[in-house]
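# Observations on the three-dimensional arrangement
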Amino acid sequence: SGKSTILDLVTGLLRPTSGEIYFNNSDSIKVNFKKYRQNISYVGQEVTILDGTVLDNVLLGLKDEDVADLKPQAANVLSLVHLDKFVEDNKDGLHYEVGENGSNLSGGQVQRLLLARALYRNPSLLILDEATSSLDAKTDKHINETLNNIKGTTTIVLVTHKLNNLSLADKIIFLKDGRIAEIGNFQDLIDAKGDF
């Protein structure tokens, strides 16, 4: 339906061939995308897990000398995504080796680790592209609570097919056949009895 193209336009990876996109009232041709992207965290469907520790994956890219002081912050985001018990129950704790592409973790744990990494950066824009698809119902509910708590301090763009995730949305954009078919909040779209 065009969701990947829209996300690529929002992140500036694609530029429009017609029409205009505005970022904080500035036309996209005036935006410094290198600086803009520093404020974006993206959690997609493709797994990008380092063959390292839980801590390595949360702090992605920081040098060893910076890590010691950041452990409490890393533990905090792991708590937000409900990986804290897994870390506490494991003898290696934050230094648990996750394996190549997260092979020592379940699919849901991988998604929660990716979300922890995204939240650790404290982004002004958080893009979640089917980022909770492998979570069980209980964990999904906890993640929705976490997202609801950061709503307002972080703009969240959520691509999902799960109806329970839509309760987070202030605005829903329903795509059909590559076009925006409907826009509104959940109740408005239900009441409209359209394609949504």
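Residues numbered from 1 in each chain as written. Predicted model: local features only at pLDDT ≥ 70, side-chain atom pairs only at ≥ 80, totals over all residues. Heavy atoms only, no water.

## Describing the packing of helix 7 (residues 107-120) against helix 8 (residues 137-150)
Running from N to C, helix 7 and helix 8 cross one another at 10 degrees; their axes reach a closest spacing of 13 Å. When the axes of helix 7 and helix 8 are compared, the pair comes out roughly parallel. Together, R112, L115 and L119 of helix 7 and T139, I143, T146 and I150 of helix 8 make up the contact between the two elements. Among the residues forming the contact of helix 7 with helix 8, the class breakdown is 4 nonpolar, 2 polar and 1 charged. (Axes fitted to C-alpha atoms, helices over the stretch in contact; angles between N-to-C directions. Helix = DSSP H or I, 4+ residues; strand = E, 2+ residues; numbered from the N terminus. Parallel < 35°, antiparallel > 145°, perpendicular 65-115°, else oblique. Contact = heavy atoms within 4.5 Å. Nonpolar A, V, L, I, M, F, W, Y, C, P; charged D, E, K, R; others polar.)

## Overview of a negative patch on the surface
On the surface, a cluster of negative charge is contributed by D51, D56, E97 and E100. Its place among the elements puts E100 in the loop between helix 6 (84-89) and helix 7. (Patch = residues over 30% accessible without salt bridge, like charges linked within 9 Å, V, L, I, M, F, W, Y side chains within 5 Å. Areas by Shrake-Rupley, 256 points an atom, 1.4 Å probe, with all protein chains shown as cover. Salt bridge = Lys/Arg side-chain N within 4 Å of Asp/Glu carboxyl O. Lys, Arg positive; Asp, Glu negative; His and termini not counted. Charge placed at Lys NZ, Arg CZ, Asp CG, Glu CD.)

## Things to note about the packing of helix 5 (residues 71-80) against helix 7
For the pair helix 5 and helix 7, interaxial distance at closest approach is 9 Å and the crossing angle is 125 degrees. Classified by the interaxial angle, the pair formed by helix 5 and helix 7 is oblique. Both helix 5 and helix 7 take part in a crossing whose hand is right-handed. Residues Q73, A74, V77 and L78 of helix 5 form the contact with helix 7, whose participating residues are L113, A116, L119 and Y120. Considered class by class, the residues forming the contact of helix 5 with helix 7 number 7 nonpolar, 1 polar and no charged. (Left-handed = near helix turned anticlockwise from the far one by under 90°.)

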